[in-house]
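Here are the chains, one letter per residue:
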Amino acid sequence: MDHHHVREVDPDAADALEAEIERQRSTLSMIASENHASEAVLDAQGSVLTNKYAEGYPGERYYGGCRHADEIERLAIDRATELFGAEHVNVQPHSGTQANQAVYYAVLEAGDKILSLDLSHGGHLSHGHPANFAGQLYEVESYEVDPETGRIDYEGLAEHAEAFEPDIVVSGYSAYPRAVDWERIDAVARSVDAYHLADIAHITGLVAAGVHPSPVGVADFVTGSTHKTIRAGRGGIVMCEGAHADAIDAAVFPGGQGGPLMHNVAGKAVGFAEALEPEFEAYAEEVVANARTLGERLADHDLSLVSGGTDTHLVLVDLRPSHPETTGGDAEEALEEAGIVLNGNTVPGETRSPFDPSGIRAGTAALTVRGFDEEAIRTVGDCIARVVDAPEDETVIADVRSTVDELCERFPLYE
């Protein structure tokens, strides 16, 4: 990747960009919310559309000169509509959080009630955490996973909804390794006359490929990120029934955003085009197979998996049963030194701070892009277990780093 224009103007920035490419090439990206976009998506995101203001929507802009911006946005909308089967799609949200913000703004008043999964059980900040706008503007209560099974307690959710009478029920999660029963959650929302928002930020690509059940056509609103398992331009998306189209569009612009980031919309269009190719379904299937294999390998090393396994792209390890003195932060730091980049993560029944929690979360979407097969994933699982067993042993870390170097050479990135 050539940054010669940047280097002419700002050598310091060019150095940082080139160092970041090298970091990605020479480490294993296992943060479950990250992926490696294609060079085509990167080209689109670095395009001259960064120069263009296009406030409004295709055919209804507030500025002139939007003919080609309109073409790009329509491509993104049409492709998302085909991928997900949605009646209405808005591709302008800058992020998954702002997609959620648009839904709240469209159908809630300040002080209305949100029922969502607790953050330490796998929910997301934008579902109502007190540090987030959603937790400050709305009255929020949380449902949980069953501590025994690590799976959503659907009966507990129904009982909580009946007692709380929320205005909206939020499903879809940031650290939940199992398939979600959208219909069951939707029935709960209907029973208390609440809206249902399904946030598929993490599993957008898995849903698009048909390897995870889709909430489109079930929930009132479906939001997602467009840069995780689907590998499109960085940002968010909102899908809904036609009846809510005008309210959603007005909530995105002018309700929560000004001009859309048209270069990111271009990246979304290109990434969605890639996701419509048959190869993408095979990719998504391999992501899930790799995650299952990773979980099995970690379990072979006596690491405790929340819910006992995974149906998605991620595994969540609770370190307390096997390594009670090791925190998620300890493991994250040691693994990064060994070239494996993942994150410490809260687990159900968390007893530590979210800044240094009791679990680690690992995803397989980015490694699968590089061509990692299940044999290579088993090696990665062995490496993770070795470091978690001895996070302060420099010899172990150096040995694992050597294995990581060999894997990175075998599965190159952005050649």
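I will try to describe carefully the structure that is included in this document. (Residues numbered from 1 in each chain as written. Predicted model: local features only at pLDDT ≥ 70, side-chain atom pairs only at ≥ 80, totals over all residues. Heavy atoms only, no water.)

A word on the side chain of T293. Following the sequence through the fold, T293 ends up in helix 12 (residues 278-300). Judged by its relative accessible area of 4%, T293 is buried. Discounting chain neighbours no more than four positions away, the residues touching T293 are E374, I377 and R378. (Helix = DSSP H or I, 4+ residues; strand = E, 2+ residues; numbered from the N terminus. Buried < 20%, exposed > 50% of the residue type's maximum accessible area, 1.4 Å probe, protein only. Contact = heavy atoms within 4.5 Å.)

Next up on the list: the environment of H160. Within the secondary structure, H160 is located in helix 7 (residues 154-164). Contacts of H160, omitting those with residues within four sequence positions, involve L115, E141, S142 and Y143.

Another point: the sheet that holds strand 11 (residues 304-305). Strand order across the open sheet formed by four strands is 11-12-15-14, with antiparallel pairing between neighbours. With one partner strand each, in any of the chains shown, strand 11 and strand 14 (343-345) form the two edges of the open sheet. Pairing geometry for strand 11 and strand 12 (residues 314-318), over two bridges, is antiparallel. Along strand 12, the bridge assignment pairs S304 with D318. (Pairing = 2+ DSSP bridges.)

At a minimum axis separation of 8 Å, helix 5 (residues 96-107) and helix 10 (residues 245-252) run at an interaxial angle of 120 degrees. The pairing of helix 5 with helix 10 is recorded here as oblique in orientation. Where helix 5 crosses over helix 10, the handedness of that crossing is right-handed. Of the residues in helix 10, those in contact with A102, V103, Y105 and A106 of helix 5 are A247, I248, A251 and V252. (Axes fitted to C-alpha atoms, helices over the stretch in contact; angles between N-to-C directions. Parallel < 35°, antiparallel > 145°, perpendicular 65-115°, else oblique. Left-handed = near helix turned anticlockwise from the far one by under 90°.)

Here seven strands make up an open sheet; going across it, the order is 4-10-9-8-7-5-6 and the pairing mixed. Whereas interior strands pair on both sides, the edge strands pair on one side only; in this sheet they are strand 4 (88-90) and strand 6 (139-143). Pairwise comparison of adjacent strand axes, ignoring direction, gives a mean angle of 20 degrees for this sheet. Relative to strand 9 (residues 221-225), strand 8 (residues 195-199) is paired through three bridges, and the arrangement is parallel. Paired with A198 across the bridge in strand 9 is V222. Where helix 5 meets the sheet, it contacts strand 5 (113-117), strand 7 (168-171), strand 8, strand 9 and strand 10 (236-240), and its direction lies at approximately 160 degrees from that of strand 9. Running at roughly 150 degrees to strand 8, helix 8 (residues 182-191) makes contact with strand 7 and strand 8 of the sheet.

Before going further, it helps to examine helix 13 (residues 328-337). Among all positions of helix 13, only G328, A331, A334 and L335 are buried. Here the buried residues of helix 13 occupy an arc of 135 degrees about the axis, which is enough to place them on one side. Those residues of helix 13 that are buried lie in contact with strand 13 (340-341), strand 14, strand 15 (359-363), helix 15 (374-389) and helix 16 (394-410). Phi for G339, located one or two positions after helix 13, is positive at around 95 degrees. (Arc of directions from axis to C-beta.)

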